[in-house]
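# Observations on the three-dimensional arrangement
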Amino acid sequence: METLLIVDDDLSLLESLKMHFEDIEHDGAPRYQVVTATRAAEALRVAQEVMPSVVILDMKLPDRTGLDIIEEMKSLCGDARIILVTAFHDMETTIRAMKAGAFDYIHKPFPDLTALDIVVSRALEYRQLSRRAATVNVETAAARLGDIVGTSPLMQQLVKEIGKVAASRATVLIHGESGTGKELIARVIHNYSYDEPKPFIGINCSAIVDTLLESELFGHEKGAFTGANAVKPGKFEMAEDGTIFLDEIGDMSLMLQAKLLRVLQEREFERVGGVKRIKLRARVIAATHRNLVEEVSTGRFREDLYQRLKVITLQLPPLRERRDDIPSLVHHLLERINEKVHKRVTRVPPEVLAHLMRLPWRGNVRELENVLTRAVVLAPGEVLLADNLPALESNELEHGGTPVNGHPVHTNGHSLPGFLVAPIDDPSRIPTLEEAERMLIELTMTVTKGHKGKTCQILGISRPTLERKLQKYGVRQDQQV
């Protein structure tokens, strides 16, 4: 029987979870012995007494936060797996939690307990595996969070992976289409990897010709070539014991790939025209929009270098696969764009938000920012106008669409009510972004007669995201026409 410690100051939830887990059987016998605590101090005392296998730890406790006591809990419980629970979507805390050693970080309220059951079962499996494998202790460091925006399952998983990656100095390879934010992710990893500021040196391998790229990377000695009038340190040297970011490494020539491979293998390099060996102290993060497996198969990329780079790989999802993050991205980007162009466009009509959620976004977040910048610049007041947005191409309409101010909106065969797309003459009646999102969800639930599967299909969001937004906005789930 496994001992499960649940820590939460919500007594009704605590009792509900206790009853739920005590009812679970394995081979005809109870699987869990459940103990509970409502405060951090009590949780630490109980943990030392019962030595739980898994701890379900609420983030907000009356005396301390769950994040505050992770380290103490780990030292008291040995190899217990700690699952942090929170009612808030906080990316910075997610990264800090994963770095501090939390097994997972999940959100409440729980639509059902199946997801929690799965996480607890996985935690037990990993605990058993870890007892049969060697472990390496790594020190963690607090740092800052970049402009990562999104609460979709794909982004939540990515943030967890970043937290784990930041706790090591391993080489990282970031895959992602153009505009997905590969450099942003690299900077976040860098910021979370050190206790104090360290250099972050980036270079775009596709933007510099080979003859200059070698000098940019490794530096050169005086007289190494025509025009080399002085000693120049390269990017690898300037990075010191921080991070060197090699963007678009898939575009690097085979000649330079061979030299980079030698540097990664020997952890040393020389300046162009020099003989002195310089130690490579920096962590290497590389990124590419290319499929390096295909590049290796066609001979355009060295397999041995690929193996060196892919110690840890991160895959950034394209925007079209996380459309439920678009409203949050629009809000975030509008704040930044308004400051940059000295405008105050803060209101987004629901039909405009619907249109943005259906564009193909081949250029991903970068394209979204460019589209919003143009619309903000052209907006006559504080309202974002659909007239200033690109239209959907005809081949993007799978089942036809509903015109919105002259632009078609893809609705997967469902028509939105007429009053959603009717023009609003009075700008003061334009809803805020959150109001627009709520109205869009309500109207779509009306169209689908409350069918959540169809609603998710039309809005391009996942079922958990829909459930979360229904609760957030207080939308009736029995919505009918």
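The structure this text deals with has already been given above.
Cut-offs used in this document
Residues numbered from 1 in each chain as written. Predicted model: local features only at pLDDT ≥ 70, side-chain atom pairs only at ≥ 80, totals over all residues. Heavy atoms only, no water. Helix = DSSP H or I, 4+ residues; strand = E, 2+ residues; numbered from the N terminus. Buried < 20%, exposed > 50% of the residue type's maximum accessible area, 1.4 Å probe, protein only. Contact = heavy atoms within 4.5 Å. Polar contact = N/O pair within 3.5 Å; in protein donor to acceptor, adjacent residues only side chain to side chain. Pairing = 2+ DSSP bridges. Axes fitted to C-alpha atoms, helices over the stretch in contact; angles between N-to-C directions. Salt bridge = Lys/Arg side-chain N within 4 Å of Asp/Glu carboxyl O.

### Some details on the environment of Asp 324
Turning to its location among the elements, Asp 324 is positioned in the loop between β16 (312–315) and α13 (326–341). Here Asp 324 falls in the buried class, since its relative accessible area comes to 6%. Between the alpha carbons of Asp 324 and Gly 150 there is a distance of 8.1 Å; along the sequence they are 174 residues apart. Those residues in contact with Asp 324, other than ones at most four positions away along the chain, are Ser 152, Pro 153, Met 357, Gly 460, Ile 461, Ser 462, Thr 465 and Lys 469. A polar contact of 2.9 Å, which involves the side chain of Asp 324, links it to the side chain of Thr 465.

### Here's the deal with the sheet that holds strand β9 (residues 200–204)
Pairing is parallel across the open sheet formed by 5 strands, whose spatial order is β9-β12-β15-β8-β16. Two strands bound the open sheet, and with one partner strand each, they are β9 and β16. Strand-to-strand twist in this sheet, taken as the mean axis angle between neighbours without regard to direction, amounts to 20°. For strand β12 (residues 243–247) and strand β15 (residues 283–288), the ladder comprises 4 bridges, and the chain directions are parallel. By the bridge assignment, Phe 245 is partnered in β15 with Ile 285. Its contacts with the sheet put helix α6 (residues 153–165) on β8 (172–175), β15 and β16, and the angle it makes with β16 is roughly 155°.

### A look at the sheet that holds strand β4 (residues 32–37)
Read from one edge to the other, the open sheet built from 5 strands follows the order β4-β1-β5-β6-β7, with strand pairing classed as parallel. The open sheet terminates on both sides in strands that have one partner only, identified here as β4 and β7 (104–107). Ignoring which end each strand starts from, the neighbouring axes of this sheet average 20° apart. By the bridge criterion, 4 bridges tie strand β6 (residues 81–86) to β7 in an arrangement that is parallel. By the bridge assignment, Val 85 is partnered in β7 with Ile 106. With respect to the sheet, helix α3 (residues 70–77) is in contact with β1 (2–7), β5 (54–58) and β6, its orientation differing from that of β6 by roughly 150°.

### Points about unusual backbone geometry
Positive phi values are uncommon outside glycine, yet Glu 240 reaches one of about 50°. Tracing the backbone shows Glu 240 in the loop between α9 (235–238) and β12.

### What to know about the pattern of salt bridges
Counted under the stated rule, the structure contains 31 salt bridges. Put simply, Asp 104 and Lys 160 hold a salt bridge, and the shortest N to O gap is 2.3 Å. Separated by 56 residues along the polypeptide, Asp 104 in strand β7 and Lys 160 in helix α6 bring together distant segments of the chain. Neither Asp 104 nor Lys 160 differs from the other in exposure class; each is buried. Ionic pairing is found between Glu 266 and Arg 277, a salt bridge with its closest N-O pair at 2.5 Å. Within this pair, whereas Glu 266 is found in helix α10 (residues 254–266), its partner Arg 277 is found in the loop between β13 (268–269) and β14 (278–279), the two being separated by 11 residues in sequence. Relative accessible area serves as the criterion here: at 38%, Glu 266 is assigned to the partly exposed category.

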